Amino acid sequence: GAPYPVFTRQEVGQHRSLADRVWVTYGNEVFDITDFVELHPGGQSKILLAAGGALELLWAMYAVHSQEHVLGILRGYKVGELSPEEQSQPTPEDPYAGDPPRHPALKVNSLKPFNAEPPAELLTENYLTPNQLFFKRNHLPVPAVDPASYRLQVEGPRGRTLALSLHELKSRFPKHEVTATLQCAGNRRSEMNRVRPVKGLEWGVAALSTARWGGARLRDVLAHAGYPEEGQAGEQHVGFEGLDQDLSGAAYGASIPYSTAMGCHGDVLLAYEMNGEELPRDHGYPLRVGVPGVVGARNVKWLGRISVSREESQSHWQQNDYKGFSPSVDWDTVDFSTAPAIQELPVQSAITEPAPGAAVPPGELTVKGYAWSGGGRGVGRVDVSLDGGRTWHVAELKGEEQAPGRAWAWQLWQLTGPVAPGSTELDVVCKAVDASYNVQPDTVAPIWNLRGVLSNAWHRVHVTVVQ
Ligand code: HEM
Ligand code: MTE
Ligand code: MO
């Protein structure tokens, strides 16, 4: 074809708004992406950060772009090439170069940002998940925080902001410990994705883990800042900001209801310990929020700032993500503004052994797994079927005894049942009942949602019987 027109970087730089059209460079090529700005799955504000400049530096932060289908979209907007003397490519510094080392047994879902879960059969070997195996869900690079200069900013009720050092947090407030399970909203998303494609990381059954968390009670710190036990009209939500920031300078953020934060048991923590160790970098060093019974996304890591407001957090993750929808809602009709943000999670259980597709001997089969419910409801019972749900057995539960309404941690369960003589295949199924007698739905399709969150249908594992 005809050669493309040739531009200088300066000429590209003149196209940095929708009015002047939006141009970007990638390698030696120039693209006019004006028409794509509105269609960008990552939002308009993000893509406009690249306007008039090179994509490499920004894409180094969001590895989701190093896929053929993304480059294919870009190619469709090519309008020119860079003049030869300008073709030196910017070499992006890897924003993830400072991330900590990780355990090799983790199954990595995304390397940059780092998202990984332990193998299912390792998950239920321990009641408290070892820190190294605890699932990790990061949206951005892990910030490097200097503990000596670290200050937690707490906006007070009359405009005064407290700055608390780690030493103050540890010495001024009594240390409180809570055993709690943390679950990502996307746990078991891969099962939803098999029903119909959803957008998000392909988590298996292990995007949840359990730890004994230690730290100051959030309510003690809020009281110290001058907040009342009962919120007034202006005190309806407590917002958290992480020290991890994206390229536009926006921090990871979330909020929880004021009543949850002040909750009568004081189990919401500003945690600096995890299983008796200093909080690891991947889990929010030096301080994270621990909101037991509430979706992982509100448990803000690398906590930098706490504020109290009439409104929920305005962050992307509170407003435009981590919400559930009807199966009928698609990306053309979705309206994030009207759906409630996920807080307490529904009842959940899954099989961790045997593995899907395993060959099992005849006679008896031992099945293992976990069960948990949000809101401190705890698990009342786990039913296991070896014949696809026609007949059921009650599993034996094992876990820390926790007070009613404060059952924040999972139960591990086990069942040994008879394999029907002559059977060559088994459909192993589990379902849990929580303390409020809420049950898991039997199939995925009626709870399918475009973001693939809240995937808690009966878990089914198909195995073959080898005579
Ligand atoms: C997601 C295209 C520029 C941030 C995506 C996806 C596509 C895309 C196709 C969805 C990928 C998938 O889920 O498989 C493009 C193109 C760009 C561009 C063609 C330039 C012409 C940028 C820039 C930024 C950015 C400059 C940030 C500074 C993001 C983010 C997501 C995303 C954060 C993920 C959204 C999510 O988590 O669902 N982009 N992008 N993009 N993009 Fe871009
Ligand atoms: N906090 C910050 N600052 N940044 C994050 O990316 N991810 C959230 C939450 N807190 C996140 C965060 C999500 S979605 C989950 S599921 C949990 O942290 C995961 O916690 P973990 O990595 O300790 O398992
Ligand atoms: Mo999450």
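Conventions and cut-offs
- Along each chain, residues carry numbers from 1 onward, in the same order as the chain's sequence is written.
- Chains and ligands are labelled by the order in which they are written, letters from A for the one and numbers from 1 for the other.
- Reporting of local features is limited, given that this is a predicted model, to residues whose pLDDT is at least 70; pairs of side-chain atoms are given and counted only at 80 or more, and all residues count toward the totals for whole chains, interfaces and linings.
- To get the side-chain values, take all heavy atoms of the structure and skip hydrogens and water.
- For each residue, the test is whether any non-hydrogen atom lies within 4 Å of the molecule or strand; if one does, the residue is near.
- Between N or O atoms, a polar contact is any pair within 3.5 Å; within protein, one atom must be a potential hydrogen donor and the other a potential acceptor, and residues adjacent in sequence are included only when both atoms are from side chains.
- Counting from the N terminus, the helices are DSSP H or I runs at least four residues long and the strands are E runs at least two residues long.
- Any residue that is not Ala, Val, Leu, Ile, Met, Phe, Trp, Tyr, Cys, Pro, Asp, Glu, Lys or Arg is counted as polar, Gly included; the first ten are nonpolar and the last four charged.
- In short, DSSP must find at least two bridges between two strands for them to pair.
- Each metal's donors are the N, O and S atoms found within 2.8 Å of it, except that Na, K and Ca use a 3.2 Å limit; water is left out, so coordination can look incomplete.
- In these descriptions, tetrahedral denotes four donors with every angle between 85 and 135 degrees, square planar four donors and octahedral six donors with opposite donors over 155 degrees apart and the rest between 65 and 115, and irregular any other case.
- The buried label applies to any residue whose accessible area, calculated with a 1.4 Å probe on protein chains only, is under 20% of its type's maximum; exposed applies above 50%, and partly exposed to all values in between.
- We define a salt bridge as a contact between a side-chain nitrogen of Lys or Arg and a carboxyl oxygen of Asp or Glu at a distance within 4 Å.
- Computed with a 1.4 Å probe, the accessible areas rest on the Shrake-Rupley method; for each residue, only the protein chains presented here act as cover.

## Some points on the site of ligand 1
In the vicinity of ligand 1 there are 21 residues, among which His40, Trp59, His65, Gln67 and His69 approach most closely. In this structure, a nitrogen atom belonging to ligand 1 sits 2.8 Å away from a side-chain N or O atom of histidine 40. Histidine 65 is positioned such that a nitrogen or oxygen atom in its side chain is 2.8 Å from a nitrogen atom of ligand 1. Examining the composition of the shell around ligand 1, we find that 4 residues originate from one element, helix H4 (residues 68-75), more than from any other. For the shell around ligand 1, the per-class residue count stands at 14 nonpolar, 5 polar and 2 charged.

## Considerations on the pairing of strand S6 (residues 107-110)
Sheet topology note: the S6/strand S7 (residues 115-117) ladder contains 3 bridges and is antiparallel. When the bridges of S7 are listed, lysine 107 appears paired with glutamate 117. The antiparallel pairing of S6 with S7 creates a hairpin that spans 4 residues between the two strands.

## Some words on the coordination of the iron atom of ligand 1
Every protein donor of the iron atom of ligand 1 is accounted for by His40 (NE2) and His65 (NE2), and the metal-donor separations fall at 2.0 Å. One can describe the donor arrangement at the iron atom of ligand 1 as octahedral, given that its 6 donor atoms subtend angles of 88 to 179° at the metal. Of this pair, histidine 40 sits in the loop between strand S4 (29-32) and helix H2 (44-48) while histidine 65 is found in the loop between helix H3 (56-59) and H4, placing the two residues 25 residues apart along the sequence. Accessibility classification places histidine 40 together with histidine 65 in one group, the buried group.

## Re the sheet that holds strand S27 (residues 459-465)
Taken together, 5 strands build an open sheet; the order of strands is S20-S27-S26-S22-S23 and the sheet is mixed. In this open sheet, the two strands that pair with only one neighbour each are strand S20 (359-360) and strand S23 (393-394). Taken together, the 6 bridges between strand S26 (residues 425-434) and S27 define a ladder with antiparallel strand orientation. Opposite cysteine 430, over in S27, you have histidine 459 as the bridge partner.

## What about the pattern of salt bridges?
The tally for this structure, following the rule as stated, stands at 21 salt bridges. Between arginine 377 and glutamate 344 there is a salt bridge whose closest N-O contact spans 3.0 Å. Note that arginine 377 is positioned in the loop between strand S21 (364-372) and strand S22 (379-385) and glutamate 344 in the loop between helix H10 (316-319) and strand S19 (348-353), a separation of 33 residues in sequence. Two residues, aspartate 383 and arginine 381, come together in a salt bridge whose shortest N-O distance is 2.7 Å. You can call arginine 381 partly exposed: its relative accessible area is 30%. Where salt bridges share partners, they join Arg21, Asp32 and Asp35 into one cluster.

## What about the site of ligand 2?
In the vicinity of ligand 2 lie 20 residues, with Phe135, Asp244, His283, Arg288 and Lys301 positioned nearest. Within the backbone of arginine 137, an N or O atom sits 3.0 Å from an oxygen atom of ligand 2. With respect to ligand 2, the side chain of histidine 283 contributes an N or O atom lying 2.6 Å from an oxygen atom. Taking 530 Å² as the accessible area of ligand 2 by itself, protein coverage stands at 100%. Counting only elements with at least two residues in the shell around ligand 2, the list comes to strand S8 (136-137) and strand S13 (237-245). Looking at the shell around ligand 2 residue by residue, the classes come out as 9 nonpolar, 6 polar and 5 charged.

All we've got here are geometric facts, nothing functional implied.
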